[in-house]
Amino acid sequence: EAQRLWRAYVRAIVLRPNSANGGRLYRDDPTILAWQLANEPRALSKRGAYRAWVSDAAGFLKGLDCNHMVTVGSEELSPYSRSRSRGRSRSRSCIA
């Protein structure tokens, strides 16, 4: 249930018209640099679950908005950092 609510919330924000720029959707707003998944998340001992969550959440966001970057929001190297994944990324098409 929590994941369903999170997805509905994110969809509402990303596809919301921005009243400050004439109604352009947030996903089309060039003043936004990136979407941040969390504020300084820590994987601790659940690295596999953390990586799965980051991959799923980032994929969902990129499916809604292929114009902006998605960041994890960590302040240090994490199990999902570039040095560990060797810079691999998955390209997805926007679905919304």
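Residues numbered from 1 in each chain as written. Predicted model: local features only at pLDDT ≥ 70, side-chain atom pairs only at ≥ 80, totals over all residues. Heavy atoms only, no water.

1. Quick notes on the environment of Arg-42
Rule in force here: The numbering of helices and of strands both runs from the N terminus, where a helix is a DSSP run of H or I of at least 4 residues and a strand a run of E of at least 2. The classification of residues rests on relative accessible area computed with a 1.4 Å probe and restricted to protein chains. Under 20% of the type maximum is buried, over 50% is exposed, and intermediate values are partly exposed.
Here Arg-42 lies in the loop between strand S1 (34–36) and helix H2 (47–64). On the basis of relative accessibility, which here comes to 47%, the residue Arg-42 falls in the partly exposed class. Placed 33 residues apart in sequence, Arg-42 and Glu-75 show a C-alpha to C-alpha distance of 9.5 Å.

2. Here's the deal with the nonpolar core
Let me state the cut-off plainly: We define a nonpolar core as any set of buried Ala, Val, Leu, Ile, Met, Phe, Trp, Tyr and Cys residues linked to one another through side-chain atoms lying within 4.5 Å. It only takes one pair of heavy atoms within 4.5 Å for two residues to be counted as in contact.
Val-10, Val-14, Leu-37 and Leu-61 are the most contacted members of the largest nonpolar core, which has 14 residues in total. Elements that contribute at least two residues to this core include exactly helix H1 (2–14) and H2. Element by element, the count of residues in this core is highest for H2, at 7 residues. With near-sequence residues (within four places) excluded, Leu-37 lies in contact with Trp-53, Val-54, Ala-57, Ala-58, Leu-61, Val-70, Thr-71 and Val-72.

3. Thoughts on the packing of H1 against H2
The condition that has to hold: An axis is simply a line fitted to the C-alpha atoms; with a helix, the fit covers only the stretch in contact. Between two such axes, the angle follows the N-to-C directions and lies from 0 to 180 degrees. Crossing handedness is defined as follows: a turn of the near helix away from the far one that is anticlockwise and smaller than a right angle gives a left-handed crossing, while the clockwise case is right-handed. Residue polarity is assigned by list, with Asp, Glu, Lys and Arg as charged and Ala, Val, Leu, Ile, Met, Phe, Trp, Tyr, Cys and Pro as nonpolar; anything else, Gly included, falls into the polar class.
Between H1 and H2, the shortest axis-to-axis distance is 10 Å and the interhelical angle comes to 35°. Crossing hand, H1 versus H2: right-handed. Between H1, through Gln-3, Trp-6, Arg-7, Val-10, Arg-11 and Val-14, and H2, the contact on the second element is made entirely by Trp-53, Asp-56, Ala-57, Phe-60, Leu-61 and Leu-64. Here the residues of the contact of H1 with H2 sort into 8 nonpolar, 1 polar and 3 charged.

4. Side note on the packing of aromatic side chains
The cut-off we apply is this: Any Phe, Tyr or Trp ring, taking Trp's six-membered ring, that has another such ring centre within 6.5 Å forms a pair; planes under 30 degrees apart are called stacked, those over 60 apart edge-to-face, and the others tilted.
Applying the stated rule across the entire model yields 2 aromatic pairs. For the ring pair Trp-6 and Phe-60, a centre distance of 5.9 Å and an interplane angle of 50° mean the geometry is tilted. Taken together, the residues span a long stretch of sequence, with Trp-6 in helix H1 and Phe-60 in helix H2 at a distance of 54 residues. Between Tyr-50 and Trp-53, the aromatic rings sit 6.5 Å apart at their centres with planes inclined by 35°, giving tilted as the arrangement. Taken together, the residues span about one helical turn, with Tyr-50 and Trp-53 both in helix H2 at a distance of 3 residues. With a relative accessible area of 26%, Trp-53 lands in the partly exposed category.

Without other data, these values stay purely geometric and don't point to any function.
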